[in-house]
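These are the residues of each chain, in order.
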Amino acid sequence: HVVIPASLLEAAETGVQAEINNIAMYEKFLTYSLPQDVADVFDALMTSSESHLSAFENQVEKLS
């Protein structure tokens, strides 16, 4: 199911929420006892999501 945003601002806001959700998911995964290589992947993905979140937040600020 694909939802087309009504504006670039709405798209950026959706991106913000998606990255917040991703970060929370990776934080939850990292509370489990995981093999180190798996934990490293989740940590790298979380770091990427943090960067993406910052980019989306910047866009929201520019478009608001």
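See above for the structure.
Residues numbered from 1 in each chain as written. Predicted model: local features only at pLDDT ≥ 70, side-chain atom pairs only at ≥ 80, totals over all residues. Heavy atoms only, no water.

J.: Please clarify how the side chain of Glu19 should be interpreted in this entry.
T.: Following the sequence through the fold, Glu19 ends up in helix α1 (residues 8-29). For the buried Glu19, no salt bridge is present, and the opposite-charge side chain at shortest range is Lys62, 17 Å distant. (Helix = DSSP H or I, 4+ residues; strand = E, 2+ residues; numbered from the N terminus. Buried < 20%, exposed > 50% of the residue type's maximum accessible area, 1.4 Å probe, protein only. Lys, Arg positive; Asp, Glu negative; His and termini not counted. Salt bridge = Lys/Arg side-chain N within 4 Å of Asp/Glu carboxyl O.)

J.: For this particular structure, what's the right way to read the environment of Asn58?
T.: Position of Asn58 relative to the elements: it lies in helix α2 (residues 36-63). Taking the relative accessible area as the measure of exposure, Asn58 reaches 41% and is therefore partly exposed. Measuring from C-alpha to C-alpha, the distance between Asn58 and Met46 comes to 18 Å, with 12 residues separating the pair along the chain.

J.: Explain a negative patch on the surface to me, please; I cannot follow it from the model alone.
T.: Taken together, Glu27, Asp37, Asp40, Asp43 and Glu50 make up a surface patch of like negative charges. Among the elements that line the negative patch, the one with the most residues is α2, at four residues. By the element assignment, Asp43 lies in helix α2. By relative accessible area, which is 38% here, Asp43 ends up partly exposed. (Patch = residues over 30% accessible without salt bridge, like charges linked within 9 Å, V, L, I, M, F, W, Y side chains within 5 Å. Areas by Shrake-Rupley, 256 points an atom, 1.4 Å probe, with all protein chains shown as cover. Charge placed at Lys NZ, Arg CZ, Asp CG, Glu CD.)

J.: Which parts of the structure should I look at to understand the packing of α1 against α2?
T.: Helix packing geometry: the angle between the two helix axes and the distance between the axes. Running from N to C, α1 and α2 point in directions that differ by 155°, and their axes come no closer than 8 Å. Classified by the angle their axes make, α1 and α2 are roughly antiparallel. Crossing geometry of α1 relative to α2 is assigned as left-handed. (Axes fitted to C-alpha atoms, helices over the stretch in contact; angles between N-to-C directions. Parallel < 35°, antiparallel > 145°, perpendicular 65-115°, else oblique. Left-handed = near helix turned anticlockwise from the far one by under 90°.)

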